[in-house]
Amino acid sequence: MSTKPPTLKQFQKRFPDDDVCLEHIMRVRYGQRFACESCGREAHFYRVKGRRCYECEHCGYQVYPTAGTPFEKTRTPLTDWFFVMFLFTASRNGVAAKEVQRQIGVTYKTAWRMCKEIRNYMGTVDGDRPLGGARPFSPIVEIDKAFIGGKDRQGQDDKAVVLGMMERHGDVVTRLVAGRNGRHVMPQVTTWVIEGSRVMTDDARVFQHMHKEGFIHESVNHGEKEYVRGEAHTNNIEAFWSNLKRGIQGTYISVSKKHLQKYLWEFEYRYNLRHAPHLMLPCLMGGFAKPARRA
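Small disclaimer: the values here were computed from a predicted structure and weren't measured. (Residues numbered from 1 in each chain as written. Predicted model: local features only at pLDDT ≥ 70, side-chain atom pairs only at ≥ 80, totals over all residues. Heavy atoms only, no water.)

Enquirer: Tell me what's going on with the overall build of the protein, and back it up with residues and numbers.
Expert: If you tally the helices and strands in the protein, you get nine helices and nine strands. Taken along the three principal axes of its C-alpha coordinates, the protein extends 70 × 45 × 40 Å. Burial analysis of the protein (295 residues in total) assigns 46% to the buried set. Contacts spanning at least 24 positions in sequence make up 58% of the contacts within the protein whose residues lie at least 6 apart. (Helix = DSSP H or I, 4+ residues; strand = E, 2+ residues; numbered from the N terminus. Buried < 20%, exposed > 50% of the residue type's maximum accessible area, 1.4 Å probe, protein only. Contact = heavy atoms within 4.5 Å.)

Structure representation (structure tokens):
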């Protein structure tokens, strides 16, 4: 199997029209045959002509594949939604709503909503898991803060504070936090980093007492131009910050605190699949949640 991401031509061949897109969502969420919630019999569901639904071959009970997905109640063609998802996985620095507006010919309001829903969905598909571990060969976790947006004005602390936690050669977890001090930062660290893990940070005051939380802690003193000391460094998480800031400043120009976490999920998703770029789109296309069954 190819490890290269799909080209635009391959994508368009795979999803040429709305009927193919709807069939894909139906089979991903429900499968080929499943028990009907109405009659209880194993059934194949057939497409209802002219509607985005399928009905049971036995009793005619109807299911709507897009219910509970980003495409629920949308009037925008599914091919447009799938194309924007393709753009999000093909880009490395994000996709602006204005670019979506130009590409598919919708209003800016529609394009912005599509991008917002897809970012939320990327966060759901990617998910998060605890990082590190107390075992001898568990990966080292790098922890750092980044400050996004705002103005560099003396006495005004209006930048958004983002905490990043990353396993070396592994996944990253980012969280928007209310402030830069310990009462905002440490609860996130203890939630997402396993107790007993080896953690590497810079010399920020908020990280100076991490050993009291049960972590094996080493730090580098950036104030003294120390960036690497043996295994102690934060180069990987700082590289992630560089990519994130380049995307925000170059593609999105400005991001409000209200929506920043959604953008973080977008960059997390692409980073966590960086070693398997050919899976970025299939995972997104196949990650639609299975519908909950009635009791």
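From this point on, the discussion continues.
Enquirer: Talk me through the environment of Ser219; I want residue IDs and the actual numbers.
Expert: Residue position: Ser219 is located in strand S9 (residues 216–219). For the pair formed by Ser219 and Asp203, sequence separation is 16 residues and the distance between their alpha carbons is 5.9 Å. Among all residues touching Ser219, those that are not within four sequence positions of it are Thr201, Asp202, Glu226, Arg229 and Ala232.

Enquirer: Run through the sheet that holds strand S3 (residues 54–56), naming residues and quoting values.
Expert: The strand order across the open sheet built from four strands is S1-S2-S3-S4, with neighbouring strands paired in antiparallel fashion. Of all strands in the sheet, those bounded by a partner on one side alone are strand S1 (33–35) and strand S4 (62–63). Along the sheet, helix H2 (residues 18–30) makes contact with S1, strand S2 (42–47), S3 and S4, crossing S2 at roughly 165°. (Pairing = 2+ DSSP bridges. Axes fitted to C-alpha atoms, helices over the stretch in contact; angles between N-to-C directions.)

Enquirer: Requested: an account of the packing of aromatic side chains, with residues and values cited.
Expert: Each aromatic ring pair is specified by the distance between its two centres and by the angle formed by the two planes. Taken as a whole, this structure holds 14 aromatic pairs when the rule is applied. With a centroid separation of 5.3 Å and 70° between ring planes, the pair formed by Phe71 and Trp81 is classed as edge-to-face. With Phe71 in the loop between S4 and helix H3 (78–90) and Trp81 in helix H3, this pair connects stretches of sequence that are 10 residues apart. Since its relative accessible area comes to 0%, Trp81 is described here as buried. With 5.6 Å between their ring centres and 70° between their planes, Phe71 and Phe288 make a pair best called edge-to-face. With Phe71 in the loop between S4 and H3 and Phe288 in the segment after helix H9 (280–285), this pair connects stretches of sequence that are 217 residues apart. (Phe/Tyr/Trp six-rings, centres within 6.5 Å; stacked < 30°, edge-to-face > 60°.)

Enquirer: Account for the nonpolar core, with residues named and values stated.
Expert: Nonpolar side chains in soluble globular proteins generally cluster together in the buried interior. Membership of the largest hydrophobic core comes to 62 residues, with the highest contact counts inside it found for Phe45, Phe82 and Met85. No other element matches the nine residues that H3 contributes to this core. Those residues within four positions of Phe82 in sequence are excluded, and the remaining contacts are Phe11, Phe15, Cys21, His24, Ile25, Phe71 and Met285. By size, the runner-up hydrophobic cluster in this structure holds 19 residues, among which are Leu131, Val141, Val199 and Val206. (Core = buried A, V, L, I, M, F, W, Y, C linked by side-chain atoms within 4.5 Å.)

Enquirer: Provide a residue-level description of the side chain of His24, including the pertinent values.
Expert: On the secondary structure map, His24 appears in helix H2. The residues touching His24, leaving out its near neighbours within four places in the chain, are Arg14, Phe15, Phe82, Met285 and Phe288.

Enquirer: Can you tell me about empty space enclosed by the protein, naming the residues and giving the values?
Expert: With the rule as written, the count across this model stands at one cavity of 30 Å³ or more. By volume, the largest cavity amounts to about 30 Å³. In this structure, the largest cavity is lined by Trp112, Lys116, Arg119, His259, Lys262 and Tyr263. Of all the secondary-structure elements, those providing two or more residues to the lining of the largest cavity are helix H5 (108–126) and helix H8 (257–272). Taken together, the residues of the lining of the largest cavity break down into two nonpolar, one polar and three charged. (1 Å grid on protein atoms, 1.4 Å probe; cavity = no way out; pocket = protein on both sides within 12 Å on 5 of 7 lines; lining within 4 Å. Points joined across faces, edges and corners; volume = space filled by probe spheres on them. Nonpolar A, V, L, I, M, F, W, Y, C, P; charged D, E, K, R; others polar.)

Enquirer: Break down the pattern of salt bridges for me, citing the residues and quoting the values.
Expert: Counting across every chain of the model gives 15 salt bridges. Between Asp128 and Arg175 there is a salt bridge whose closest N-O contact spans 2.6 Å. Of the two residues, Asp128 is situated in the loop between H5 and strand S5 (141–148) and Arg175 in strand S7 (residues 172–177); the sequence distance between them amounts to 47 residues. Relative accessible area serves as the criterion here: at 29%, Asp128 is assigned to the partly exposed category. Its relative accessible area of 15% is what places Arg175 among the buried residues. (Salt bridge = Lys/Arg side-chain N within 4 Å of Asp/Glu carboxyl O.)

Enquirer: Residues and numbers for the environment of Ile143, please.
Expert: Relative to the helices and strands, Ile143 is located in strand S5. Ile143 sits in the buried class, given a relative accessible area of 0%. Ile143 sits 88 residues away from Glu231 along the chain, and the two C-alpha atoms are 14 Å apart. Not counting chain neighbours up to four residues away, the residues in contact with Ile143 comprise Leu163, Gly164, Met165, Val189, Val193, Val199, Met200, Thr201, Asp202, Phe207, Met210 and Thr234.

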